[in-house]
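Chain by chain, the residues:
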Amino acid sequence: MPRAKPASSGAIKRALAARILGSSSKLSGSQLSALLRICPPDGIAQVEKRAAPMLQRSGAAPSRVARSLVESYSGAGRPADAVRFAREHSPAVPAEAYVELLNACRDASDATLAEAIQLAQQSGAQPSAGMYGAVIAARVERGETERALRVCRAALGAGVPPPPAAVEELVVALAGSGPGGHRRAGSGSSGSSASGGTGT
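## Overview of the overall build of the chain
1) Next: Within the chain one finds 10 helices and 0 strands.
2) Next: Starting at the N terminus, the α and β elements of the chain follow one another as α-α-α-α-α-α-α-α-α-α.
3) Next: Within the chain, the fraction of its 200 residues that count as buried is 41%.

Written as structure tokens, this is what we have:
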């Protein structure tokens, strides 16, 4: 008989995560953070539920878990869930957790992006010029010039001018956009890189 193929690393991790989540064992902060590194995206909410009692306390362990949860939701492409979690547990969420969240909001709704920026600022994390540039670039690329313009205005209002390339790309797009801020047929972006980086 042919030898069975060994399980992939991802399958092993998912099985392990499911086993841990299915147990009633009490998990420490380090164990919860480690669990988030191996559980699939649809298991993040279960980890959040298991972490709920710990998140009511103060200290380094709850802060590490809160950061891991925000980053896990963000990394899974679920910025709205990350923002919802940060809102509900803002005292436990450290400023560092907002770096990945803000970058994940490039494709989020205006409301989600605005709340993410507000929560980040309340925590002492100032969104970077590169982050604003990346959001502007993503929206210009989709032809959403009015939405990109709102982000640009928000950045200027916060005293964080976006990268010049992002502003130039937006100006070119606005010049070629029709009513409602959508790109006219046949008009495109300048083709230059507008993000200027997404680091802080």
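## A closer look at the packing of helix α4 (residues 60-75) against helix α5 (residues 79-88)
The packing of two helices is summarised by the inter-axis angle and the distance between the axes.
1) Next: Where α4 contacts α5, the axes come no closer than 7 Å and their chain directions differ by 160°. The angle between α4 and α5 falls in the class roughly antiparallel. Taken as a pair, α4 and α5 cross one another with a handedness that is left-handed. On the side of α4, the interface is formed by A66, L69, V70, Y73 and S74, while α5 contributes P79, D81, A82, R84 and F85.

## Here we look at the pattern of salt bridges
1) Next: Enumeration according to the criterion identifies 11 salt bridges in this entry.
2) Next: Across the salt bridge formed by R84 and E88, the nearest N and O atoms sit 3.2 Å from each other. With R84 and E88 both in helix α5 and 4 residues apart, the pair spans about one turn of that helix.
3) Next: E88 gets classed as partly exposed once you look at its relative accessible area, which sits at 46%.
4) Next: Where R142 meets D107, a salt bridge forms, and the shortest distance between an N and an O atom there is 2.5 Å. Taken as a pair, R142 in the loop between α8 (129-141) and α9 (145-157) and D107 in the loop between α6 (98-104) and α7 (110-123) lie far apart in primary sequence, 35 residues in all.
5) Next: For R142, a relative accessible area of 36% corresponds to the partly exposed category.
6) Next: Of the residues examined, D107 reaches a relative accessible area of 56% and is grouped as exposed.
7) Next: Connected through shared salt-bridge partners, D107, D110, R139, R142, E144, R147 and R150 make up one network.

About the thresholds
Residues numbered from 1 in each chain as written. Predicted model: local features only at pLDDT ≥ 70, side-chain atom pairs only at ≥ 80, totals over all residues. Heavy atoms only, no water. Helix = DSSP H or I, 4+ residues; strand = E, 2+ residues; numbered from the N terminus. Buried < 20%, exposed > 50% of the residue type's maximum accessible area, 1.4 Å probe, protein only. Axes fitted to C-alpha atoms, helices over the stretch in contact; angles between N-to-C directions. Parallel < 35°, antiparallel > 145°, perpendicular 65-115°, else oblique. Left-handed = near helix turned anticlockwise from the far one by under 90°. Contact = heavy atoms within 4.5 Å. Salt bridge = Lys/Arg side-chain N within 4 Å of Asp/Glu carboxyl O.

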